[in-house]
Amino acid sequence: MNNSKFSSPGLARWTLKRVIIAGNRDVVLGDFEELYREILQKRGRSQALLWYWAQVFLSIPPFFKSLFIWSFIMFKNYLKVALRNIIKHKGYSFISISGLTLGMVCCIFIFLWVQDELNFDRFHKNADNIYRVIVKYPGGNKDPLGKILRYRNNYDLTVTGIIENVDSNSHLGFDFVVPIQIIGEQTLRTWAWDNTSYLLLQENADLDGFRKKIAGIIMKEDKRSTTKTRVDIPPCFFRHSNPLIF
Amino acid sequence: MPTLSKLEEQILLGVLRLGDDAYAIPIRNYLKEVIGEKLSIGGIYVPLDRLVRKGFLTTFQSDPIPERGGMSRRYYKLTSDGMIALEKAREIHNKLWEGIEQLKYSPEREK
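Caption draft 1: Structural detail: the pairing of strand β2 (residues 155–158) of chain A. Residues and elements named next belong to chain A. Relative to β2, strand β1 (residues 148–151) is paired through 4 bridges, and the arrangement is antiparallel. Considered in β2, the bridge of Arg150 is made with Asp156. Count of turn residues in the β1/β2 antiparallel hairpin: 3 residues, of which Arg152 carries a positive phi of about 50 degrees.

Caption draft 2: Spatial organisation of the interface of chain B and chain A. With 19 residues of chain B at the contact, the number on the chain A side is 18 residues. Of the roughly 1,500 Å² buried where chain B meets chain A, counting both sides, 61% is carbon and sulfur surface. One can count 1 salt bridge joining chain B with chain A. Where Glu34(A) meets Arg73(B), a salt bridge forms, and the shortest distance between an N and an O atom there is 2.9 Å. Along the contact surface separating chain B from chain A lie 3 residue pairs in polar contact (both at pLDDT 80 or more). When contributions to the side of chain B that touches chain A are tallied by element, the ones reaching two or more residues are α2 (24–35) and α3 (41–54) of chain B. Looking at the side of chain B that touches chain A element by element, the count peaks at 5 residues for α3(B).

Cut-offs used in this document
Residues numbered from 1 in each chain as written. Chains lettered and ligands numbered in written order. Predicted model: local features only at pLDDT ≥ 70, side-chain atom pairs only at ≥ 80, totals over all residues. Heavy atoms only, no water. Pairing = 2+ DSSP bridges. Helix = DSSP H or I, 4+ residues; strand = E, 2+ residues; numbered from the N terminus. Contact = heavy atoms within 4.5 Å. Buried area = accessible area lost by both parts, 1.4 Å probe. Salt bridge = Lys/Arg side-chain N within 4 Å of Asp/Glu carboxyl O. Polar contact = N/O pair within 3.5 Å; in protein donor to acceptor, adjacent residues only side chain to side chain.

In structure tokens form, the structure reads like this:
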């Protein structure tokens, strides 16, 4: 391109070249150059410049419009190709999509679980500064055997044995064990109602027969039971692994 | 064979009339002259490209021309398909206008 004094301004031409969408770029640019020189000769430089720049700015909106339309068309094309690929390779598609789905589901569940754990007991505005007081034998490191512990300000209990802390992955969390006779009649009378009770059956016991029998006893002996009372004896150690059932 | 739109027909006739001088600027000037309406510069390339795609026009490039900043012109020429299409368009026109002697517009008739 020669840079004679008749040629169009470089910046305008540069811009125009990039936004031309119709026809052959160089040919269209040449046509504009020809028209520019024609106007330059007939009406002077300022008019020609004004005309050329107006053409440049008028060309910009259609350029972006076509850019948008084409990218949309290409996106549609990609979608179509992907769909055809899925249909052609059904087995592989099934494996990869279901794998991806499974992975995403796991991730979402893990995320939800972590979120729930992090927010557990966080409702209090001073949650960061609240601590749980863990009950320990008040005597510190001294041998507690034979010492007396006061329970519910009512019962004086003598420590006769010490066991290890119960594992946290059990619902049998307790701090101490007391023979039921000591706690008294009150507790004993409502044992099936107010406390979780555990039974150790013989290896070959008839479970269904036992269930019927004990239900009958509870219904008969306990005055609070009505015809709607349901006695359920689930296996103790299935409790945690089947939380939805019990 | 695809039919011609009105603009396409006009452009083909323009190319035919302009002969060896048929490139975008004279074609646009011719249309402006005949129709009386200004066609945008960009608007001339779209139907021209379409006519080339349909096979009614062929193009050839000129040598670089100094008045165009050293760029070449793209000239258009009718193909035989273009001729046939124009001929067909003329037939349709003739059929449509056959027997219509004169058109008189009288405002009273519309009342």
